[in-house]
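Below, each chain spelled out in residue letters.
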Amino acid sequence: MALKVMGASGFLRRGYRRLATNLRDMSTIHSAGKRKLWAQLSDIIRLKIHGNGVKVKEYLGQEMFSDDLYPGASIASFGGIHFKERVHACLNNIRWEGMVTDKLIQYTLLKQYDIPHPPVLAAASSRERNCGDIPVFTDINALAEFLRGDKARYPMYCKPVKGYSARDINKLIGYEAETDSLVLHGGARVSLLGFLGDLKADEWGFLFQEAAKPANDTAPICGDAVSGCRIIMLLDNDSAYPFRATWKVPLADSIVDNYVSGSLGNLMCDIDLGSGLVKRVICGTGSSLKINPLHPDTGYQLLGTTVPQWHEILQMLSRAALCFPGFRWQHWDIGISVAGPVVFELNSAGNVDIMQLSSGKGIDDPQLQEFLGNFAGTEAGYSHLFPR
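Report on the accompanying structure. (Residues numbered from 1 in each chain as written. Predicted model: local features only at pLDDT ≥ 70, side-chain atom pairs only at ≥ 80, totals over all residues. Heavy atoms only, no water.)

### Concerning the sheet that holds strand β9 (residues 240–249)
- Taken in spatial order, the 7 strands make up an open sheet running β12-β11-β10-β9-β8-β13-β14, and their pairing is antiparallel. Every interior strand has two partners, whereas the edge strands, β12 (290–291) and β14 (340–347), have only one.
- Two strands pair when backbone bridges link them, and β9 and strand β10 (residues 267–271) are joined in this way by 4 bridges, in the antiparallel orientation. From the neighbouring strand, V249 faces β10, where its bridge partner is L267.
- Contacts from helix α6 (residues 103–112) reach β13 (329–337) and β14, with the element oriented near 140° to β14. (Pairing = 2+ DSSP bridges. Helix = DSSP H or I, 4+ residues; strand = E, 2+ residues; numbered from the N terminus. Contact = heavy atoms within 4.5 Å. Axes fitted to C-alpha atoms, helices over the stretch in contact; angles between N-to-C directions.)

Listed below in structure tokens is the structure:
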């Protein structure tokens, strides 16, 4: 009984801290003249009634109240993490989930489907598994020998087999035999065995993937960094087509193009789906968020630029999306590389905040509502858990 009381007490403390943080942020917004307190409360109540699962911290952090950031957008059109989960549950078949959650399985399928992607060189796991011609190491010394050898093509990425938001990702530039060290992005050197020993190779483990090289067209924009697009594809009974798209343009020294709520300094661009033209650019978050800035490193004007390889990207996705018919709602990360478009990964339930921020429009628009009306529950294994 004492443990239950302590658990309830901890829950209440967390709830109090969350409430205090939200009230402080609401007061800051009010004091800055952005939105009156009563208006914020009205928005929050409407969001709760509408049922799109927007948390108060999402409303505040993404400034969903801002007419400058979301011109003409209805507050009821916004979706949060719970909305994303509900749409995923209604449109995607749970039985297909492992095919994309486990990146080793996903890349094995992409190779079989002949869909371009950066090759996986090796993987580390805490248990034995077979992934075709991808060596999977359970012994740290055997993995170290691989990374010292000719089959380790640097630069490469080391990233979790199951991961998100660019967590625990490292870019390995090379191996230095004299010191038995790995050279990391930025020039730091770390002991090879020490680096591998710090990896948490659980049942999912880590994979080592050849790094894509940036396209020549993007060099004036973001230097040596590889930019990419996040594209939501909708799959009906006949074909697949894009619903929303954003071009993620990293800083020149960034190893990832992820936005991560603006914390990395990378930019996002809203894309016209037909032409690939950039309609809007954002950078930062909250009070530091900027609309249509120049690239902070190169000074490049992204607004009005056409996304390199755009039509090739759509052509590839029109085929790739059909390879995963159990997912009607697909979130693709596509890299713009010197070899052409490459699939970084398919997410069956990607976050919707980046689409809302980049476009200035809520995700729950008439097109998605119509699609849900036609297809909700037709592929899902657990849509009954998320009633409308």
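### Overview of the sheet that holds strand β7 (residues 206–210)
- Taken together, the 7 strands give an open sheet; going across it, the order is β2-β1-β7-β3-β4-β5-β6, and neighbouring strands pair in mixed fashion. For this open sheet the edge positions go to β2 (136–137) and β6 (189–191), each flanked by a neighbour on one side alone.
- Here α6 sits on the sheet in contact with β1 (120–124), β3 (156–160) and β7, set at roughly 35° to β7.

### Some remarks on the side chain of Q40
- Checked against the element boundaries, Q40 lands in helix α2 (residues 37–50).
- You can call Q40 buried: its relative accessible area is 0%.
- Those residues in contact with Q40 that sit more than four places away from it in its chain are M26, I29, H30, R35, Y59 and L60. (Buried < 20%, exposed > 50% of the residue type's maximum accessible area, 1.4 Å probe, protein only.)

### Structural notes on the packing of aromatic side chains
- In this structure the tally under the stated criterion is 8 aromatic pairs.
- With a centroid separation of 6.0 Å and 65° between ring planes, the pair formed by F324 and W332 is classed as edge-to-face.
- For W332, a relative accessible area of 0% corresponds to the buried category.
- Seen from their ring centres, F371 and F375 are 4.8 Å apart, and the 45° between their planes marks the pair as tilted. Here F371 and its partner F375 are both found in helix α12 (residues 366–375), 4 residues apart, which amounts to about one turn of the helix. (Phe/Tyr/Trp six-rings, centres within 6.5 Å; stacked < 30°, edge-to-face > 60°.)

### Side note on the pairing of strand β8 (residues 228–235)
- For β8, the buried fraction is high: 8 of the 8 residues fall into the buried class.
- Of the two faces of β8, the one carrying G228, R230, I232 and L234 and the one carrying C229, I231, M233 and L235 are both buried.
- By the bridge criterion, 8 bridges tie β8 to β9 in an arrangement that is antiparallel. Across the sheet, residue I232 finds its bridge partner in β9, namely R244.
- Hairpin connection between β8 and β9: a loop of 4 residues separates the two successive antiparallel strands.
- The pairing of β8 with β13 spans 7 bridges and is antiparallel. From the neighbouring strand, G228 faces β13, where its bridge partner is G335.

### What about the pattern of salt bridges?
- Counted by the stated rule, this structure contains 15 salt bridges.
- A salt bridge links D270 to K279; the shortest N-O distance between them is 3.7 Å.
- For D270, a relative accessible area of 8% puts it in the buried group.
- Connected through shared salt-bridge partners, R230, K248, D257 and D333 make up one network. (Salt bridge = Lys/Arg side-chain N within 4 Å of Asp/Glu carboxyl O.)

### As for the packing of helix α4 (residues 81–91) against α12
- Contact pair α4 / α12: the axes reach a minimum separation of 10 Å and the direction vectors enclose 40°. The handedness of the crossing between α4 and α12 comes out as left-handed. In this structure, α4 uses F83, V87, C90 and L91 to contact α12, whose residues at the interface are L368, F371, L372 and F375. (Left-handed = near helix turned anticlockwise from the far one by under 90°.)

### Brief notes about unusual backbone geometry
- A cis amide bond links Y154 with the next residue in sequence, P155, at an omega value of 0°.
- The phi dihedral of D114 is positive, around 60°, even though this residue is not glycine.
- Tracing the backbone shows D114 in the loop between α6 and β1.
- In this structure, N292 takes a positive phi of about 60° despite not being glycine.
- What makes N292 partly exposed here is its relative accessible area of 31%.

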